[in-house]
Amino acid sequence: MKNIVVLVSGGGTNLQALIDAQGRGELKNGKITCVISSNPNAYALERAKNNGIDTEVIRSKDFAEFNDYDTALTELLQSKNADVVVLAGFMTILGKKVIGAFENRIINIHPALIPSFCGEGYYGLKVHEEALKKGVKVTGATAHFVNEVCDGGPIIIQKAVEVKTGDTPEILQKRVMEQAEWKILPKAVSLFCEDKIKVIGNKTEISE
Ligand code: GAR
């Protein structure tokens, strides 16, 4: 059984999707053992506590240097015996140390079809604002491994979602979450825990 540690910053609906999937027995060979937040007021922490999951808070601004934060986060994850780290709406950029220590073991959910609307500055609602500004007819979500390139690691699963006339960023965000993020994130985590994802260069091969 692999230990799943989830990093959050906000509302935590993706964390909830993971908790619900676990309840249905859909996180095969994995268990959510800890939720770590960058924000002490994140509602995601309540979701964890309501489900009896251990919680921690770590804020980059409490450290004099970013390097010290990077080291502390790495050590915290190691102390929790994390086998896989899931970024579920985690809004702090990860440092080199943590990325190196958990190579191909950190999974992020991004609310667009990478390589569109991704990279630095593309997070949360901003992603959907940009998609609407461009006028794309299809958007979606991507679950991918994290490497040192922001939103540039190997893609695990993608799911497309239709953009509709009259969409606002908020309406589109909700549709992308419901139709894509909450489905593909638990699926990607489960595939990882079952050792069904092979990373070859910057691509993955899934065996089902
Ligand atoms: C989600 O839409 C997630 O994909 C996005 O933030 C939201 C968090 O919602 N993440 C990013 O934009 C990362 N670049 P949640 O806290 O309800 O899961």
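What this report covers is the structure whose coordinates are included nearby. Please read all numbers here as calculations on a predicted model, not as lab measurements.

Before going further, it helps to spend a moment on the nonpolar core. One finds Ile4, Val6, Ile32 and Val189 to be the most contacted residues of the largest nonpolar core, which totals 37 residues. Broken down by element, the residue count for this core peaks at 10 residues, all from helix H6 (residues 169-193). Setting aside anything within four residues of it in sequence, one finds Ile32 in contact with Ile4, Val6, Leu18, Ile19, Gln22, Leu27 and Ile53. One finds Ile36, Tyr69, Leu77 and Phe102 within the second-largest nonpolar core, a separate group that totals 19 residues.

This part covers helix H5 (residues 125-134). Every buried residue of H5 is listed here: Val127, His128, Glu130 and Ala131. Down the axis of H5, the sector holding all buried residues measures 160°, keeping them to one side. In this fold, the buried residues of H5 make contact with strand E5 (106-110) and H6.

With mixed pairing, seven strands are arranged side by side in an open sheet as E3-E2-E1-E4-E5-E6-E7. The open sheet terminates on both sides in strands that have one partner only, identified here as strand E3 (54-57) and strand E7 (155-162). The average undirected angle you get between the axes of adjacent strands in this sheet is 20°. Of the strands in this sheet, strand E1 (2-8), strand E2 (30-37) and E3 are in contact with helix H2 (residues 43-50), which crosses E3 at around 155°. Together, E1, E2, strand E4 (84-87), E5, strand E6 (138-145) and E7 form the strand contacts of H6, whose direction differs from that of E7 by roughly 160°.

The rules behind the values
Residues numbered from 1 in each chain as written. Predicted model: local features only at pLDDT ≥ 70, side-chain atom pairs only at ≥ 80, totals over all residues. Heavy atoms only, no water. Core = buried A, V, L, I, M, F, W, Y, C linked by side-chain atoms within 4.5 Å. Buried < 20%, exposed > 50% of the residue type's maximum accessible area, 1.4 Å probe, protein only. Helix = DSSP H or I, 4+ residues; strand = E, 2+ residues; numbered from the N terminus. Contact = heavy atoms within 4.5 Å. Arc of directions from axis to C-beta. Pairing = 2+ DSSP bridges. Axes fitted to C-alpha atoms, helices over the stretch in contact; angles between N-to-C directions.

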